[in-house]
Structures are given as C-alpha cells and as structure tokens.
Amino acid sequence: MAELQEVQITEEKPLLPGQTPEAAKTHSVETPYGSVTFTVYGTPKPKRPAILTYHDVGLNYKSCFQPLFQFGDMQEIIQNFVRVHVDAPGMEEGAPVFPLGYQYPSLDQLADMIPCILQYLNFSTVIGVGVGAGAYILSRYALNHPDTVEGLVLINIDPNAKGWMDWAAHKLTGLTSSVSEMILGHLFSQEELSRNSELIQKYRNIITHAPNLENIELYWNSYNNRRDLNFERGGDITLKCPVMLVVGDQAPHEDAVMADSGGQPQLTQPGKLTEAFKYFLQGMGYMASSCMTRLSRSRTASLTSAASIDGNRSRSRTLSQSSESGTLPSGPPGHTMEVSC
Ligand code: BEZ
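Worth saying up front: this structure is predicted, and the values here are computed from it rather than measured.

Definitions and cut-offs
- Residues numbered from 1 in each chain as written.
- Predicted model: local features only at pLDDT ≥ 70, side-chain atom pairs only at ≥ 80, totals over all residues.
- Heavy atoms only, no water.
- Core = buried A, V, L, I, M, F, W, Y, C linked by side-chain atoms within 4.5 Å.
- Buried < 20%, exposed > 50% of the residue type's maximum accessible area, 1.4 Å probe, protein only.
- Helix = DSSP H or I, 4+ residues; strand = E, 2+ residues; numbered from the N terminus.
- Contact = heavy atoms within 4.5 Å.
- Expected span 1.5 Å × (residues − 1).
- Polar contact = N/O pair within 3.5 Å; in protein donor to acceptor, adjacent residues only side chain to side chain.

Trainee: Lay out the nonpolar core with the relevant residues and their values.
Mentor: In this structure, Y54, V84, L152, F188, Y219, M244 and F277 are the most contacted members of the largest nonpolar core, which totals 90 residues. It is helix α3 (residues 107-121) that provides the largest number of residues to this core, a total of nine residues.

Trainee: Residue-level account of the environment of S63, with values.
Mentor: Turning to its location among the elements, S63 is positioned in helix α1 (residues 61-69). For the pair S63 and I206, spaced 143 residues apart in the sequence, the C-alpha separation amounts to 8.9 Å. Every residue in contact with S63, bar those within four places of it in the chain, is listed here: Y203 and L267.

Trainee: Can you explain helix α4 (residues 133-144)? Please cite residues and give values.
Mentor: Along its twelve residues, α4 runs 17 Å from first to last C-alpha, staying within 8% of the 16 Å computed at 1.5 Å per residue. Most of α4 is tucked away: eleven of the twelve residues are buried. Lining the buried residues of α4 we find β3 (50-54), α3, β5 (126-131), β6 (149-155) and α9 (213-224).

Trainee: Give a description of the side chain of N156 that names residues and reports values.
Mentor: Tracing the backbone shows N156 in the loop between β6 and α5 (164-176). Assessed through its relative accessible area of 5%, N156 is described here as buried. In this structure the side chain of N156 is engaged in a polar contact, spanning 3.2 Å, whose partner is the backbone nitrogen of G248. There is a polar contact of 2.6 Å between the side chain of N156 and the backbone oxygen of G263.

Below, the structure written as structure tokens:
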C-alpha cells in the first residue's frame, strides 16, 4: 500500500496587484551601547501604539519579517499602525564588519537601546513582535519598561539561560559545525534542514554568504550568554501586558516555548500568524470584529470554549488562550494567547 506522506506547504499570498508596500525610512541613533539602525514604515496613528519588531540571530528585519508584513491579509492590520523594525547592531544591510575585539552588547544592553529609539521617534507605547533572540530582547525591555508595552508577540522564545548541559552540547557541536550551521540549527529543525526545501536553501545561502558573518557570530554569542528572564509563575517578575506566544510546529519539543525551538512560522505560516495576530489585536480593542475574516470568526467561537477548559494545551488546537502560559506566566486570566503554527 502506498504510504501517505506529510507535505509541508508554505503559504504564499503576497501583496495584490496594485497594492504597494508603504514607503520606508531608515534611521540610526547613538545609544550608550553603540549605534542602532531601524526602519520605519507608515505614519504614526493617533492613540495607537507603534508595532516594533526585533529579529532573530542570523537574520535582519527584512529576512525575518518581510514575508509576514508583506502578506496580503496582513495589510488590513498594519495599515492601522506605524511599524518600527529594529536591526540589531551590525545586522543592517551593508553593515561594516566590527573591528577585532569589539565588545558586542549583551541581550540586556540591546533591550536598553530601545528607549533611545522611542525617544528619537517620540513614540510612547509599542506592541512588540520578536522572534527567538528578538523575543527575548523585547521581553527584557517589557520587564524594564512595562508602561510602554501594550502587547507582545513572542515567537519561539527561550526565556532561560543555557544550562551546563546545553553548554556541553553547544561546545561539542562547535567542534564539528561552522557558526552558520549552528545558527541554521537554531532557526530551523533538523527535519526541515534535511528536507532542504527552497526556503532552507535560500536562508542557508543568505547566512553562509553573509558579508557580516563575523557580526552575526557576535550576536549569536550574546544570545548564548543570555541570562534567565526569571519569569516566575505567580511571582513578582511577570509581563504585565497581553502576550501572544507562538511556537512553530517544527519545534522539537511540545514545550517548545522553553526550548531552543526550530521553525520560523513567520516565514512558513504568515496566514495563520496574521489571523492569530488579528484576533490578539482585537482582544486589545484595536481591531473591529467586522474586520475579522469568516475563518477567524468561526475560530473565535471554538476558542472561547477551549479557553474555558482549564487552559489545557492541545496540539490539535491552533489557538488557545489561558491564564497559565506554561513557562511565561502573565497577569490577569486570559492575558496570554498561545498559537502553534
Ligand atoms: C512593513 O510594511 O512593515 C514591512 C515591509 C517590508 C518588510 C518588512 C516590513
């Protein structure tokens, strides 16, 4: 009997003809930890936060977020917000390689650069969207400046410092693999890497041939030296804003929000993420329900009942909402929304 094979389909729904991306303007500001570059799309909207993104290691704002922010259905959302896309130092297009011995900022220092950006732009609050290292940086920023963060979308976050077992594994891998292979192993699951789809080939090519690979290695080292975010269930150190936690289905563990999960859902599942983001914003009062797609409206009904069954996580659910987020405790019940893509 012929075997059924699971085929991974990458959603593609680019901008419609005639739909053009809004003009972008790139700026750099000096901070106590060096200069940082960011790109602003759209214009500030009265009484609305900016959407501020932070990318993962090995990527920059474009290679991390372009497929999501240029996804067709995303346009009705983002046209209502100004977007600020931060490039970690040395990751911006055309960045020169840092001189030997340059002290790259720690993730905590990268988070401490964000107030300089917001002050420069005169923006008072944000909704943060971060992936991997970027999700960690935005969480640290939100812990330090809770009044300025209205919401957080955290994709594949690992809030913990590397334990000694992780370090041992990392050192062993470092003996046989190049930095670019290690970073690819951080971004994607082993299954995705061995399947070697067009997407993987594209990102492998981007990373291995990056002219700023030395800079990327510095960001990678800062990521590996991160300290615990120290979230405590019911403890003092909690995120005060609504949080949408996203875990790629290619993540190696069920509790992948804790693990160094693979998979980049913002690249492979922009449609699912857009829908979840719309629902998240609606929960914050920023999207009229009339803007929701038929699909998300029907999902909302099942989501409401799912939320009442004690926040139990289930792989079969696309969206779930609970007061206990597993590893990232939040404030009031219903503050955290979990999405597996
Ligand atoms: C945006 O519209 O925010 C956007 C466009 C291109 C790349 C990344 C973001």
